[in-house]
Amino acid sequence: MEEAAAEDKMREVKGYQDLWEAARVGNMDEIMNKLFRQKGFVASQKDLSHGIHAASVHGREDVIDILIRHGANPSDDNITQRMTPLMMAASKGHVHAMLLLIDRGAKIDAQNDMGQTALHIAAQNGHAHAVKCLVAEGAESWHKDQNGCTPMDCAKSDSDEHERCRLVLGMARPKDKV
């Protein structure tokens, strides 16, 4: 615990937390300064990981793009609950960010520590456009998580958005095995 606190303090003193904060709020000037102009600044995988997750949850496509170009992994799952950037974007319904991540190599059917995929998370949160996007991109709509729930099961709330998710998922067909 003391080691983690010491690392966070060191990162704060050297400005490493600034990259995460800049990614979170979409401050491209600060990101460009850190990654390309600041002498001695070398972004670690941890910096890039935290940055791409923060950018994904806030739908910052420009930041996601620059971080991936700088070495961030679009399928990174080295944070709490093994959530990937695609799952983070799906949780908030950021379709454009999701499409960028998929285009850059994010694993569409990656699972978190509960066995859920981005499709489960989008359906659970009632993001019908995100569900439609994931299905169109080939996400496995029949996958069951650790509790035996499919994405359809995750969309059981009575809201209009959850109903739209169920409609999209009801039309989805299993992927053909090639």
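Residues numbered from 1 in each chain as written. Predicted model: local features only at pLDDT ≥ 70, side-chain atom pairs only at ≥ 80, totals over all residues. Heavy atoms only, no water.

**What to know about the environment of E21**
Moving on, step 1. Along the chain, E21 falls in helix α2 (residues 16–25).
Moving on, step 2. Put simply, E21 and A54 are 33 residues apart on the chain and 8.1 Å apart in space, counted from C-alpha to C-alpha.
Moving on, step 3. At a separation of 2.6 Å, a polar atom in the side chain of E21 contacts the side chain of R24. (Helix = DSSP H or I, 4+ residues; strand = E, 2+ residues; numbered from the N terminus. Polar contact = N/O pair within 3.5 Å; in protein donor to acceptor, adjacent residues only side chain to side chain.)

**Overview of the side chain of T117**
Moving on, step 1. Relative to the assigned elements, T117 resides in the loop between α7 (95–103) and α8 (118–124).
Moving on, step 2. A polar atom in the side chain of T117 sits 3.0 Å from the side chain of H120.
Moving on, step 3. Excluding its chain neighbours within four sequence positions, the residues that come into contact with T117 are M87, D109, A110, Q111 and H143. (Contact = heavy atoms within 4.5 Å.)

**Some words on the side chain of H162**
Moving on, step 1. The topology assignment puts H162 in helix α11 (residues 160–171).
Moving on, step 2. Among the polar contacts listed, one links the side chain of H162 to the backbone nitrogen of G126, at a separation of 3.4 Å.
Moving on, step 3. When sequence neighbours within four positions are dropped, the list of residues in contact with H162 reads A123, Q124, N125, G126, C154, A155 and S157.

**Some details on the packing of helix α5 (residues 61–69) against α7**
Moving on, step 1. Contact geometry of α5 with α7 gives a least axis separation of 9 Å together with a crossing angle of 15°. In terms of axis orientation, α5 runs roughly parallel to α7. The crossing of α5 and α7 is right-handed. Here E61, I64, D65 and I68 of α5 lie close against α7, whose contacting residues are H96, A97, L100 and L101. (Axes fitted to C-alpha atoms, helices over the stretch in contact; angles between N-to-C directions. Parallel < 35°, antiparallel > 145°, perpendicular 65-115°, else oblique. Left-handed = near helix turned anticlockwise from the far one by under 90°.)

**What about unusual backbone geometry?**
Moving on, step 1. Unlike most non-glycine residues, Q81 shows phi in positive territory, near 65°.
Moving on, step 2. Its location among the elements puts Q81 in the loop between α5 and α6 (85–92).
Moving on, step 3. On the basis of relative accessibility, which here comes to 42%, the residue Q81 falls in the partly exposed class.
Moving on, step 4. Its identity as a non-glycine residue notwithstanding, R82 has a phi of 55°, on the positive side.
Moving on, step 5. Topologically, R82 is positioned in the loop between α5 and α6. (Buried < 20%, exposed > 50% of the residue type's maximum accessible area, 1.4 Å probe, protein only.)

**Some thoughts on the nonpolar core**
Moving on, step 1. In this structure, I31, I64, L67, L86, M98, V131 and L134 are the most contacted members of the largest nonpolar core, which totals 47 residues.
Moving on, step 2. Setting aside residues up to four positions removed in sequence, V131 forms contacts with L119, A122, A123, C165, V168 and L169. (Core = buried A, V, L, I, M, F, W, Y, C linked by side-chain atoms within 4.5 Å.)

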